[in-house]
Amino acid sequence: MKPARPELLAPAGSMEALRAAVENGADAVYLGAHAFSARGYAANFSDKELEEAIDYAHLRGVKVYVTVNTLLRDEEMEAALDLLCRLKEMGSDAVLVQDIGLLSLGRQYVPDLPLHASTQMTLHNSEGALFVKELGIERVVLSRECSLEEIKRVGENSGLETEAFIHGALCISYSGQCLLSSIIGGRSGNRGYCAQPCRKGYRLKKDGKTVKTKGMYLLSPKDLNSSPCIPALLETGIASLKIEGRMKRPEYVAGVVGTYSRLLDRCLEDTKKCSVSREEAETLEQLFNRGFTEGYFFKNPRGELMSRLRPYNRGVFADTVKSYDRKSRRVTLELVASLSAGDGILFAGTDREGREEKEEGWVIRQMYRGNKPVKQAKAGDTVEVPFNVEVRPGSPVYRTLDKGLMDTLEKSYTSETFLRKVPVLMKAGVWEGKPLELTLSDYDSNSVTVKSEYVVEKALRQPGEKEQLARQYSKLGNTGFELETIDAEVHGEVFVPVKEINQLRNRAVSELEKLRIARGKRKPCPESGIKLPKLAAWQHPEQPPLAVSVYSPGELEEAIDGGADLLYYGEGLFCSGKGRDRDKAFHFEADYESAVKLARAAGRKVYFKTPRIVKDSEMPAVSEILETAKALAADGVLVSNLGVFRLAKARGVPVILDSPLNVFNSYALDFFCREGAKRVTLSPELTLEEIRPLAAAGPAEAIVHGRLELMESEHCVVGGLLGGKKERCTAPCRNGNYALVDEKNYEFPLVMDPACRMHLLNSKALCMFEHVPKLLDAGISSIRIETLGMSGEEKDEQGIRELTRMYRAAIDNYPGKGKAGTGNCDKLEKGFTTGHYFRGVK
């Protein structure tokens, strides 16, 4: 049995890119409005352009999904819901969302608008998919880190449609879990404005010493290319194959979509033909690549995932420099790829060790073969190219722009002749003494019948024939339709003027076009507009508790001694540092029983921490934590993903939600509280002022001290560089403490976990000690100290015990409006930050 054809889903950052996608075979496109789109730097679409785009696509049988997939502030929620209403009326086939507040309100106010869960929701397990399914989600865009087996399992277990990226740029972090751009420059990926600091240069340090690496772009992945994986992808039952690239030019969209569309056609026709031709492979490479990878579909690619030498496109390798003539200022090339006038080339210099260094770009205006000017040269030719900068022999040369290819691709979507046409059926009838009648139908159950004002006359001379009538009706010309069959009936000896046939055909075409567009439209929302519900006021505790996250029994005792009310116990979640063992599979080795006994003896509450990323194969280990929490009568668990939240609810284990769930507005907080969360940790991207409405809506916790986790990555930089070439890493992280150092010499500590994932922490510790009264004035119900990433020196100098005592004093002094306590952040931390509490994000 042949697998069903999945949808080919293309990016459209502009109207030109949309046309390129449609004309080259996309089944659906995704695009963004001017607001609330995760690609804020793309051209995107105004309301008028959105409707034009939807109508254009629907006329041609292509679906349109609109991204409203950023986190939303309270004051933006009404505008976002209004946008959903307009999209519903326009006929958007679905809307992609990230914000759980918008999701819950969207189902309430716009119930007939299909919603898809964006990859920004970090959905990567079956329990998470089931959670959003219960909220009305129809499709999940799974994390790029999911294997083909995991994609198949989530689809089968949840019954939801699954969608996965198959081509384009990769994020080094799990989508929705990256704060690097936000913290470094205030431009939040969760708000659509990622500045891509992962494409910058970094150095690796081990125990304070720089590790020599080949290449400096240690967080820059290659681009995903799944063209060789199509047969395996089809076997997963995936619903939609998604191409990344809303920031790419239309020619890129045309070329990539066209390649995958043809490949899918061949694969479904005959699996023996399911391979990428050499020409198609070169087209994909030419259009954009940082080097290609199949990502995580079959295995963890480890170091092979990364493009450490270059974080940008370099096109197709054309040659290495043979010589440079200083007198004529010409470089001699013996080509391995064709070159033409107008092509762009890049000369990559090399240092003495063969590493690439300074690069020079050039557009070919002239080219010589045997001292004769030529416009084109093929692989194998030796040519000379004028170039004003001296380049070393042996320097690699890349063709960065193939002008001929780009011109061809541009014509595919700018030509006045449609490439993509909708097949239609015609039925025409001619009767003497009656109007002409024509029925035009498509395969989407759309049908129109039109009649002429003209009344058919008896032929005075030569009567019209059936074949002539059919031939004239068949002239659909430059419309969006292509005639598949026509059934023409002619009764009697009649005469019909060609003008009447043409007018009737054109009317039928126009009516069918209108019907195809109108079928997607929906009833508008009420004219009165959307009035958001008034959330019930939350009664704040008189004495907000102090929570401390700890990762060993010793740290737990220190936190208790310092006066912590709540203990978040995460022993076994991380394994960086000397003497830690990572040889075992995903498993948590923790003395939970002792933790509970210590907390109970001191009269404190204890919650077990759970990981933010939990694949289906890892869920049994987390399930064990939940069962242990119940068996030991712990107070509950700290949860960081929707799947574990659903599982904990089903097991009856009390839950506190952690910051990776990106609660950014009061509606999201209210939703989670109604779902059973005892307390909700707020997004660290909120300001103090933005926190106020959230804190008024429910029990809100804020992280006030410690190194924020800026990303979690399936790729381990340390293992990729130092863990050997085999499939299994040699776990070099067991033997040292590692950090990444950026171009400004800021040092970001790295910690790893039992699943070999990498966690990158902020270069500076957050410290809000002096501002505790302001946080409590804002209505925060609990404040937290995070100890992950505290160095041995920091623990020796300050200690968890003393740090906890100082925050304890700040809270205890608050009701009396006394001082926050003695000391300040300058004494607590060497170089600290107040995070986003006072600056916020774009």
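Rules behind the numbers
- Residues numbered from 1 in each chain as written.
- Predicted model: local features only at pLDDT ≥ 70, side-chain atom pairs only at ≥ 80, totals over all residues.
- Heavy atoms only, no water.
- Helix = DSSP H or I, 4+ residues; strand = E, 2+ residues; numbered from the N terminus.
- Buried < 20%, exposed > 50% of the residue type's maximum accessible area, 1.4 Å probe, protein only.
- Contact = heavy atoms within 4.5 Å.
- Pairing = 2+ DSSP bridges.
- Axes fitted to C-alpha atoms, helices over the stretch in contact; angles between N-to-C directions.
- Parallel < 35°, antiparallel > 145°, perpendicular 65-115°, else oblique.
- Left-handed = near helix turned anticlockwise from the far one by under 90°.
- Phe/Tyr/Trp six-rings, centres within 6.5 Å; stacked < 30°, edge-to-face > 60°.
- Lys NZ or Arg CZ within 6 Å of the ring centre and 35° of its normal.
- Salt bridge = Lys/Arg side-chain N within 4 Å of Asp/Glu carboxyl O.

Asker: Would you mind showing me how to read the environment of Glu489 here?
Answerer: Checked against the element boundaries, Glu489 lands in strand 27 (residues 481-491). Accessibility expressed as a relative area gives 29% for Glu489, which makes it partly exposed. In this structure the C-alpha to C-alpha distance between Glu489 and Phe832, which are 343 residues apart in sequence, comes to 85 Å. In contact with Glu489, not counting residues within four places along its chain, are Lys427, Ala428, Gly429, Val430 and Trp431.

Asker: Can you walk me through the sheet that holds strand 23 (residues 422-431) in this structure?
Answerer: Within a sheet, adjacent strands bond to each other through the backbone by hydrogen bonds, running parallel or antiparallel. In space, the 4 strands of this open sheet follow the order 25-24-23-27, with mixed pairing throughout. Only two strands of the sheet have a single partner each, and these edge strands are strand 25 (447-455) and strand 27. Across this sheet, the average inter-strand angle for adjacent strands is 15°, counted without regard to direction. As paired elements, strand 23 and strand 24 (residues 435-442) share 6 bridges and run antiparallel to each other. From the neighbouring strand, Ala428 faces strand 24, where its bridge partner is Leu438. Along the sheet, helix 12 (residues 466-473) makes contact with strand 23, strand 24 and strand 27, crossing strand 27 at roughly 150°. On the sheet, helix 13 (residues 498-518) packs against strand 23, strand 24, strand 25 and strand 27 and is oriented at approximately 150° with respect to strand 25.

Asker: Explanation requested: the packing of helix 9 (residues 250-269) against helix 10 (residues 278-287) in the structure shown.
Answerer: Between two packed helices, both the angle of their axes relative to each other and the distance between the axes serve to describe the pair. One can describe the packing of helix 9 onto helix 10 by two numbers: an axis separation of 10 Å at closest approach and a directional angle of 155°. Compared by their axis directions, helix 9 and helix 10 come out roughly antiparallel. Here helix 9 runs over helix 10; the crossing is left-handed. Here helix 9 contributes Glu251, Tyr252, Gly255, Val256, Thr259, Tyr260, Arg262 and Arg266 to the contact with helix 10, which in turn contributes Glu280, Thr283, Leu284 and Leu287.

Asker: Which parts of the structure should I look at to understand the packing of aromatic side chains?
Answerer: Applying the stated rule across the entire model yields 13 aromatic pairs. A centroid spacing of 6.3 Å and a plane angle of 80° characterise the contact between Phe131 and Phe671, whose relative ring orientation is edge-to-face. Placement of Phe131 in helix 5 (residues 126-133) and of Phe671 in helix 18 (residues 666-674) is noted, with a sequence separation of 540 residues between them. Residue Phe131 is classed as buried on the basis of its relative accessible area, which comes to 2%. Taking the relative accessible area as the measure of exposure, Phe671 reaches 3% and is therefore buried. Pairing Phe769 with Tyr807 gives two aromatic rings, centres 5.4 Å apart and planes at 80°, and the pair type is edge-to-face. Taken together, the positions of Phe769 in the loop between strand 40 (765-767) and helix 21 (772-777) and Tyr807 in helix 23 (residues 799-813) put the pair 38 residues apart, joining distant regions of the chain. Just as Phe769 is buried, Tyr807 falls in that class too. For the cation-ring pair, Lys248 lies above Phe288, with the distance from its terminal atom to the ring centre recorded as 4.5 Å.

Asker: Would you take a moment to explain the pattern of salt bridges for this structure?
Answerer: Side-chain pairs of opposite charge can arise where the charged atoms are in close proximity. Enumeration according to the criterion identifies 57 salt bridges in this entry. A salt bridge links Lys273 to Glu269, with the nearest nitrogen and oxygen atoms 3.2 Å apart. Residue classification places Lys273 among the partly exposed positions, given a relative accessible area of 41%. With its nearest N and O atoms 3.0 Å apart, the salt bridge here joins Asp319 to Lys322. Its relative accessible area of 3% is what places Asp319 among the buried residues. Counted as one network, the salt bridges with shared partners bring together Glu7, Arg139, Glu161, Glu163 and Lys242.

This is a description of form; function is not addressed.
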